Amino acid sequence: MTNRLAPLALGVLLAAGPAAADLVFPDLSYRTGPFAAGGVPFSDGYQDYFTLVNERDGGIGGVKARVPECETAYNTEKGVECYEATKGDGALIYQPLSTGITYQLIPKVEADHIPLHTMGYGRTSAANGKVFEWVFNYPANYWDGASVIVKYLMDENGGSLEGKKITLLYHNSAYGKEPIPTLEALSKKHGFKLTLIPVDSPGQSQKSQWLQIRRERPDVVVMWGWGVMNQVAIQEAANINFPMDHFIGNWWAGAEHDVAPAGMAADGYKALNMNRVVDYPVFADIRSHVIDKGLAAGDGSYVGSVLYTRGMYAAMLAVEAAKTAQEMTGTAQIDAAMMRDGMEHLEMTDARMEALGMPGIGPEFTVSCADHGGSGMAIVQQWNAAEKTWVPLTDFIAPDAEVIAPLIEADSKAFAAENGIAPRCD
């Protein structure tokens, strides 16, 4: 990487400098409302990792991280209010964990020059860094996820989905609608029939949707759900005896709280995951440096769960991008523009993840000026209800770039034309 100082040289430089202000990473969380079951563990993992870095490592490059939390309740208007209330505090990056909030923040961060990281959610075409200079969605996006599901299903069906019936059960929001263009394109390519069934938020009533599914008897149901919608859908699937091993969710429909309420009836349900869930060495550090000291964001009960791990992973990527920015600039006191540059030069290798106590948590990937999307890879996991654990069925599967790349190019070009953005990087 060009313009990077050796870590030792950076350490000497930072030690010799004046005391620096905190590095600020706002947490637009939601611990209330129908989506709190997902928001709480993610936020706990996100905040606990920054606390770990402060307690164990003395901060990032010798500067402490500060994580002001602002409750959005997964409400777009509140999310924007939280952004406006915290951006003037030296915010380096935003991770709102909401596609609706993301869509509203994209023009704001472009104007305010603060990077936005929508890890596995948000506007998919933001993977095109030529158009979306301040938005990143590595290591994967929704269209990647839809493609990975189809590739997995093809493998499970002897390499062909010709004539199969696939139903998309989706949250009737910007989030839930994101995979539709990809699945429609893949339907044409592979010859399967796609049926779209929306579920209005928050998704507590799905009787009519599952009556339709029982009537049409699809070969596979793919779920793009979140929060209480997932729990209700899995219970309704069990009620009509839909085979759980033919029911697969995306990576926001594959956490413990999604399946646990249905008990043994959820056994065999499948879902994507953008990160592996194992007992990483870093969890022992979090317990000793954070939880045992009474510094945890929550009560510590979510450590090791799917969404706690993903929140920790998101924080780790932010910390590593901040370190990259510090090394590039030779200063610990980075600003949002420097943070953006660090994100755009981030390199996540197996060796780096292992050194951080998270070996194999995600695939290797490199971010660049043109590519803000990462590898796009995901695994498929299956719920073992008896053991109450997610069992990985695959290694990381790569998406179908032949289908996804043109969709991203077309959508991002349209956005650029609508907003007078001149593509960069060339």
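Just so it is clear, the structure is predicted and the values come from calculations on it, not from any experiment. (Residues numbered from 1 in each chain as written. Predicted model: local features only at pLDDT ≥ 70, side-chain atom pairs only at ≥ 80, totals over all residues. Heavy atoms only, no water.)

Draft legend 1. How the structure looks around the packing of aromatic side chains. For the coordinates displayed, the defined rule picks out 22 aromatic pairs. Among the aromatic residues, those joined into a ring-pair cluster are F25, F42, Y46, F50, Y121, W226 and W252. The cationic tip of R310 hangs over the ring face of W252; the distance from NZ or CZ to the ring centre is 4.7 Å. Here the basic side chain of R340 rests over the ring of W134, its NZ or CZ set 5.6 Å away from the ring centre. (Phe/Tyr/Trp six-rings, centres within 6.5 Å; stacked < 30°, edge-to-face > 60°. Lys NZ or Arg CZ within 6 Å of the ring centre and 35° of its normal.)

Draft legend 2. Here's a closer look at the state of the cysteines. Applying the stated criterion to the full structure yields two disulfides. C70 shares a disulfide with C82; S-S distance 2.0 Å. As the torsion about the S-S bond is roughly -75°, the C70-C82 disulfide counts as left-handed. Taken together, the positions of C70 in strand β4 (residues 69-71) and C82 in helix α3 (residues 76-86) put the pair 12 residues apart, joining distant regions of the chain. The buried category is assigned to C70, whose relative accessible area is 18%. (Disulfide = S-S within 2.5 Å. Helix = DSSP H or I, 4+ residues; strand = E, 2+ residues; numbered from the N terminus. Buried < 20%, exposed > 50% of the residue type's maximum accessible area, 1.4 Å probe, protein only.)

Draft legend 3. Examining the sheet that holds strand β14 (residues 379-384) more closely. Read across the sheet, seven strands follow the order β8-β7-β9-β10-β11-β14-β15 without closing on themselves; strand pairing throughout is mixed. Across the chains shown, the open sheet's two edge strands, defined by having one partner strand only, are β8 (193-199) and β15 (389-392). The average undirected angle you get between the axes of adjacent strands in this sheet is 30°. Pairing analysis gives four bridges linking strand β11 (residues 270-273) to β14, with the strands arranged antiparallel. Within the sheet, the bridge partner assigned to N273 lies in β14 and is I379. Taken strand by strand, helix α8 (residues 207-216) contacts β7 (165-171), β8, β9 (220-224) and β10 (247-249), and its axis lies near 160° from that of β8. (Pairing = 2+ DSSP bridges. Axes fitted to C-alpha atoms, helices over the stretch in contact; angles between N-to-C directions. Contact = heavy atoms within 4.5 Å.)

Draft legend 4. Layout of unusual backbone geometry. Following Y138, the chain continues to P139 via a peptide bond in cis, the omega torsion being 10°. Note on placement: P139 falls in the loop between β6 (135-136) and α5 (142-156). One non-glycine residue, L97, adopts positive backbone phi at about 55°. Within the element layout of this structure, L97 appears in the loop between α3 and α4 (99-112). Residue L97 is classed as buried on the basis of its relative accessible area, which comes to 7%. One non-glycine residue, H113, lies in the positive phi region at around 60°. Residue placement: H113 occurs in the loop between α4 and β5 (116-117). Its relative accessible area of 44% is what places H113 among the partly exposed residues.

Draft legend 5. Quick look at the pattern of salt bridges. For the coordinates displayed, the defined rule picks out 21 salt bridges. Residue D89 pairs with R66 through a salt bridge whose shortest N-O separation is 2.9 Å. With D89 in the loop between α3 and α4 and R66 in strand β3 (residues 65-66), this pair connects stretches of sequence that are 23 residues apart. For R66, a relative accessible area of 32% translates into the label partly exposed. With its nearest N and O atoms 2.6 Å apart, the salt bridge here joins R276 to D395. Within this pair, whereas R276 is found in the loop between β11 and α11 (281-291), its partner D395 is found in the loop between β15 and α15 (401-419), the two being separated by 119 residues in sequence. For R276, a relative accessible area of 24% corresponds to the partly exposed category. One continuous salt-bridge network, built from bridges that share partners, spans E84, K87, K108 and D112. (Salt bridge = Lys/Arg side-chain N within 4 Å of Asp/Glu carboxyl O.)

Draft legend 6. Spatial organisation of the nonpolar core. In terms of nonpolar packing, the biggest core is built from 116 residues, with F25, Y49, F247 and W252 touching the most fellow members. The dominant element in this core, judged by the number of residues it contributes, is helix α12 (residues 306-329), at 14 residues. Residues in contact with F247, not counting those within four places in the same chain, are W210, V221, M223, A233, I234, A237, F242, Y269 and K270. Core analysis: the next-biggest nonpolar cluster, separate from the first, contains 21 residues, L105, L116, V131 and A416 among them. (Core = buried A, V, L, I, M, F, W, Y, C linked by side-chain atoms within 4.5 Å.)

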